[in-house]
Amino acid sequence: MEGSGKNCHVGTRQFRISVNDWMWAGVLEKAKRGGLNVIQTYLFWNIHEPIQGQFNFQGEYDLVKFIKMIGDQGMYATLRVGPYIEAEWNHGGFPYWLREIPNITFRTDNLPFKKHMKKFTQMIIKMMKDEKLFAPQGGPIILAQIENEYSYIEPAFKEFGTRYVHWAGNMAVGLHTGVPWMMCKQKDAPDPVINTCNGRKCGDTFTGPNEPYKPSIWTENWTAQNRVFGDPPSQRTVEDIAFYVARFFSKNGTLANYYMYYGGTNFGRTASSFVTTRYYDEAPLDEYGLLREPKWGHLRDLHGALKLCQKALFWGNPSVEKLGEQQEAQIYEKPGTDICAAFLSNNNSRTPATVTFRGHQYYLPQHSISIVPDCKTVVYNTKMIVAQHNSRNFEISEKASKGLNWEMLRESIPTAKDVPVKERSPIELISTTKDTTDYLWYTTSIYLDHTELPFRKEIHSVLQVVSLGHLMHAFINGEYVGSGHGSNIDKSFVFQKLITLKVGTNHISLLGATVGLAVMIYDLPLSFILTVFCIHFQKMPMNHWNILWTWFFVNSLQVGLDGEKLHVFTHKGSHSVNWTEAQRQGPALTWYKAYFDAPEGNEPVVIDMKTMSKGMVWINGKSIGRYWVSYLSPLEQPSQSKYHIPRAYLKPTENLVVILEEIGGNLNGVRILSANRDTVCSYISENHPPQVRSWGREDSHINIISKNPKPAAYLMCHDSKEIAHVDFASYGNPAGVCGSYDLGNCTAPNSQKIVEKHCLGKSRCYVPFEQAIFDKDARLCPGVSKILAIQIQCGYKK
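Here the structure is a predicted model, which is why all the values come from computation and not from measurement. (Residues numbered from 1 in each chain as written. Predicted model: local features only at pLDDT ≥ 70, side-chain atom pairs only at ≥ 80, totals over all residues. Heavy atoms only, no water.)

## A look at the state of the cysteines
The tally for this structure, following the rule as stated, stands at six disulfides. A sulfur-sulfur distance of 2.1 Å marks the disulfide that ties cysteine 197 to cysteine 202. Across the S-S bond of cysteine 197 and cysteine 202 the torsion is about -80°, and the bridge reads as left-handed. For the pair formed by cysteine 197 and cysteine 202, the shared burial category is buried. Each sulfur of the disulfide joining cysteine 340 and cysteine 375 lies 1.9 Å from the other. In this structure the cystine formed by cysteine 340 and cysteine 375 twists about its S-S bond by roughly -70°; its chirality is therefore left-handed. (Disulfide = S-S within 2.5 Å. Buried < 20%, exposed > 50% of the residue type's maximum accessible area, 1.4 Å probe, protein only.)

Have a look at this one:
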């Protein structure tokens, strides 16, 4: 399939390695049911070689097992070696130790960097060869990638960048994998490396392969957008995704990869700067691996329609026929045979059109493509969704939440006399912590006698800190006074806060923190420095400043928190310290622990952190990532308040949950939930085509294989559930979205009973879109174009 390099539909997906066999198998199976046949995965250098020369390919990092599982599913694999990957992953996938190699400059014609990059790449390729995982060896890997979107920075390195591109490509080809190599977004990829496209509209924006004998490959079709703290939800409609996938294959496309197809979770400290723990929740498979409908189902139907066209795409000659001012047909036809497929496009984004193609009329909604695999029969339109819809529900687990009896442990606030590291020169956070922790304490002390303090009550002391870092928490004499932070766009910030000082020694402790490391597109030094540290007296209300003390760098530093060093988030470490009964409204920089039983069933498990502020959560010693619910989006909502707990991390009982809260939060709102998509809907009109699976291909002919090849509502419950209740049903002109449908001014009164008769108690059902069923006398709202909307609830069989 990969050998021809011409018009082969290989539906692919990006896969961020998850936590165990159970999750891997489940997600791979859902991807295959979604009509995909290639899994694409990055390689993460910093998790596989966190310490130079010490490798980790065990457990959830078992790359060989993962690739073999892809093969066991009868699917292919694309290996994005990089080893620079970006991917909104901490440090772009580079291990921290690489920064400390003498005279190194990343991603250019630099001998130290090339030496280590080549060594890692060789090691990965040897591992794959030894396990016979490349296609010529009988394995699933059909394609590999070296480097990643280098064209963004190549001009900055000038001729050194160009030499590096050619070196990287030639080095990869010289490893003799037997499969092609590619470079995404790299027009000057050296022969025979394939240049590919990333983006949302590669069918229109890709200038094509840099040699005529190379295939046209779309490496990343962004199904939405990754999230950063402070962002509102990202949206991209499935109609738009389907339009541009169909467009790409109608223009000689060979392979399209969805980025992301599975949303995934940035567990631990793996996310890059300001990226949320929930990485790409709007993907066809959401963060929890649940089917996001209609994204999953509409793309499944698209893949089915494209596969019906595969003979024409392989063997047909391409041509274009104008059908209207903004309408056209992309045709693949083999002369002298019945092999023919057409893509009928309406490029007008506002107005539908009716076109004539080969003697037949076709209705084309605005901004849509109809797929006609025999040049006669429309089996799919990118705008008209036949697949079901659903909405996600979160339900409190009474079994898990009732055991949350919290205990607390205050983190000690260090002073200058307690801190071992003394420095008078500038100290940068990352070079000090070496990415072993998010946290670095900056401390100093000030001695003031009574003459140095203001005598009048309206005169106040102000602490001012100018920072190039992400985040800072300030403590005066052990008491929290406030926090400051930057944003994904501008990491730097200025913190100003009224403070109270006393006669004698005043201890000032500033906790600098990162929220992931930059993806390192440019090789610039990381700067996380508290650059100016000042105390002012402010005369109110005149806004007159009188600088009393200024330090350009504090001189005592401590890496990390005591709780981290004691591993209080593990079972063993939690027993090495004394916990006390928790206050529901706790102070800043406090650890909390509790135990809970695993929720019943097998649905994804979630912890709701909506009433907390900023910190990290561990389950049985495993970090499930950073939370930051106090950082609100422009919608005045947290970017993320619910956090995924993989069931693989849980035991039946006595699961330890530990929370590090940096600012202060209320434990009353912390709950263990389960997630489901049991609210399932259908919304179709009389213009919708039948389901793609109504058709089959025999030789060059498209045949009806369904008993009822007409528009119908198809509804299905998953995970051994059945249709327990019909929440809404209307044949007429209903409006709304799944989870909130409303009756229009026209509805058949028997709609609910008809749907219940077809669906209740079944795991799946279809309701024909037929006037005779809902409106026998044809008296219902004459002249109104009819719609059928249904909403059902799935539940376990009783």
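## Re the sheet that holds strand S34 (residues 655-661)
Across the sheet, which stays open at both edges, the six strands sit in the order S28-S17-S29-S34-S31-S32 with antiparallel pairing between neighbours. The open sheet has two edge strands, strand S28 (580-581) and strand S32 (622-628), and neither has a second partner. Bridging between strand S17 (residues 407-410) and S28 involves two bridges; their strand directions are antiparallel. Along S28, the bridge assignment pairs glutamate 407 with glutamate 581. (Pairing = 2+ DSSP bridges. Helix = DSSP H or I, 4+ residues; strand = E, 2+ residues; numbered from the N terminus.)

## Section: the domain arrangement of the protein
In terms of domains, the protein is made up of domain 1 (9-292), domain 2 (393-410 + 565-676), domain 3 (421-542) and domain 4 (710-796). Relative placement of domain 2 and domain 4: their C-alpha centres are 40 Å apart. (Domains from an automatic or database assignment.)

## Some remarks on empty space enclosed by the protein
The full count for this structure, using the stated rule, is five cavities of 30 Å³ or more. Roughly 190 Å³ of volume is contained in the largest cavity. Taken together, 17 residues form the lining of the largest cavity, with Leu290, Arg677, Asp678, His718 and Asp719 sitting closest to its centre. Grouping the constituent residues of the lining of the largest cavity by class yields seven nonpolar, four polar and six charged. (1 Å grid on protein atoms, 1.4 Å probe; cavity = no way out; pocket = protein on both sides within 12 Å on 5 of 7 lines; lining within 4 Å. Points joined across faces, edges and corners; volume = space filled by probe spheres on them. Nonpolar A, V, L, I, M, F, W, Y, C, P; charged D, E, K, R; others polar.)

## Looking at the pairing of strand S12 (residues 353-357)
Both faces of the sheet carry side chains from a regular strand, because those side chains alternate between them. Taking every second residue as pointing to the same face, the buried face of S12 carries Ala353, Val355 and Phe357, while none of Thr354 and Thr356 on the other face is buried. The pairing of S12 with strand S13 (residues 360-364) spans five bridges and is antiparallel. If you follow phenylalanine 357 over to S13, its bridge partner there is histidine 360. Counting the residues between successive antiparallel strands, the hairpin from S12 to S13 contains two residues, one of them, arginine 358, with a positive phi of roughly 55°.

## Overview of the packing of helix H8 (residues 238-250) against helix H9 (residues 295-308)
Running from amino to carboxyl end, H8 crosses H9 at an angle of 20°, the nearest separation of the two axes being 10 Å. Taken together, H8 and H9 sit at an angle that is classed as roughly parallel. The crossing of H8 and H9 is right-handed. Side by side, H8 and H9 meet where Val238, Ile241, Ala242, Val245, Ala246 and Phe249 of the first sit next to Lys295, His298, Leu299, Leu302 and Leu306 of the second. (Axes fitted to C-alpha atoms, helices over the stretch in contact; angles between N-to-C directions. Parallel < 35°, antiparallel > 145°, perpendicular 65-115°, else oblique. Left-handed = near helix turned anticlockwise from the far one by under 90°. Contact = heavy atoms within 4.5 Å.)

## Section: the confidence of the model for the protein
Considering every residue of the protein, the mean pLDDT works out to 91; 92% of them sit at 70 or more. Between residues 1-13, whose pLDDT stays under 50, and residues either more than four places distant or in other chains, the model counts 61 contacts. In the predicted structure, residues 15-19 sits below a pLDDT of 50 and forms 32 contacts with residues beyond four places in sequence or in another chain. (pLDDT = per-residue confidence, 0-100.)

## Let's talk about the environment of lysine 311
Topologically, lysine 311 is positioned in helix H10 (residues 310-315). For lysine 311, a relative accessible area of 25% puts it in the partly exposed group. The spacing of lysine 311 and proline 102 is 209 residues in sequence and 56 Å in space, taken between C-alpha atoms.

## Here we look at the pairing of strand S22 (residues 479-485)
With six bridges connecting them, strand S21 (residues 471-476) and S22 associate as antiparallel partners. Bridging from a neighbouring strand, alanine 474 pairs with glycine 482 of S22.

## Some words on the layout of surface pockets
Considering only enclosed or pocket space, the second largest pocket measures out at about 870 Å³ in volume. Around the second largest pocket, the lining is made up of 32 residues, and of these Gln235, Glu282, Arg292, Asn390 and Arg677 lie nearest the centre. At the level of secondary structure, the elements contributing two or more residues to the lining of the second largest pocket comprise H8, strand S16 (389-396), strand S35 (671-685) and strand S40 (735-737). No other element matches S16, which puts five residues into the lining of the second largest pocket. Of the residues that constitute the lining of the second largest pocket, the class distribution is 10 nonpolar, 10 polar and 12 charged.

## Observations regarding the nonpolar core
Core analysis: the biggest nonpolar cluster contains 95 residues, and Ile67, Met128 and Leu302 have the highest contact counts within it. The dominant element in this core, judged by the number of residues it contributes, is H8, at nine residues. Those residues in contact with methionine 128 that lie beyond four places of it in its chain are Leu63, Val64, Ile67, Leu79, Leu133, Phe134, Gln137 and Ile141. Grouped together as the second largest cluster of nonpolar side chains are 69 residues, Ile47, Met408, Tyr643 and Leu667 included. (Core = buried A, V, L, I, M, F, W, Y, C linked by side-chain atoms within 4.5 Å.)

## Describing the sheet that holds strand S10 (residues 327-333)
Taken in spatial order, the five strands of this open sheet run S9-S10-S11-S14-S15, and their pairing is antiparallel. Strands with a single pairing partner mark the edges of an open sheet, and in this sheet they are strand S9 (317-322) and strand S15 (380-381). Summarising the sheet, S10 and strand S11 (residues 340-346) pair through seven bridges and their orientation is antiparallel. Bridge pairing in S11 places isoleucine 331 opposite alanine 342. Across the face of the sheet, H8 comes into contact with S10, S11, strand S14 (368-372) and S15 while running at roughly 55° to S14.

## Things to note about the side chain of glutamate 220
Looking at where glutamate 220 falls in the secondary structure, it is placed in strand S7 (residues 216-222). Reaching out from glutamate 220, the side chain makes a polar contact with the side chain of arginine 80 at a distance of 3.0 Å. Not counting residues within four places of it along the chain, the set of residues in contact with glutamate 220 comprises Tyr42, Arg80, Asn148, Glu149, Cys197, Asn198, Gly199, Asn257 and Tyr259. (Polar contact = N/O pair within 3.5 Å; in protein donor to acceptor, adjacent residues only side chain to side chain.)

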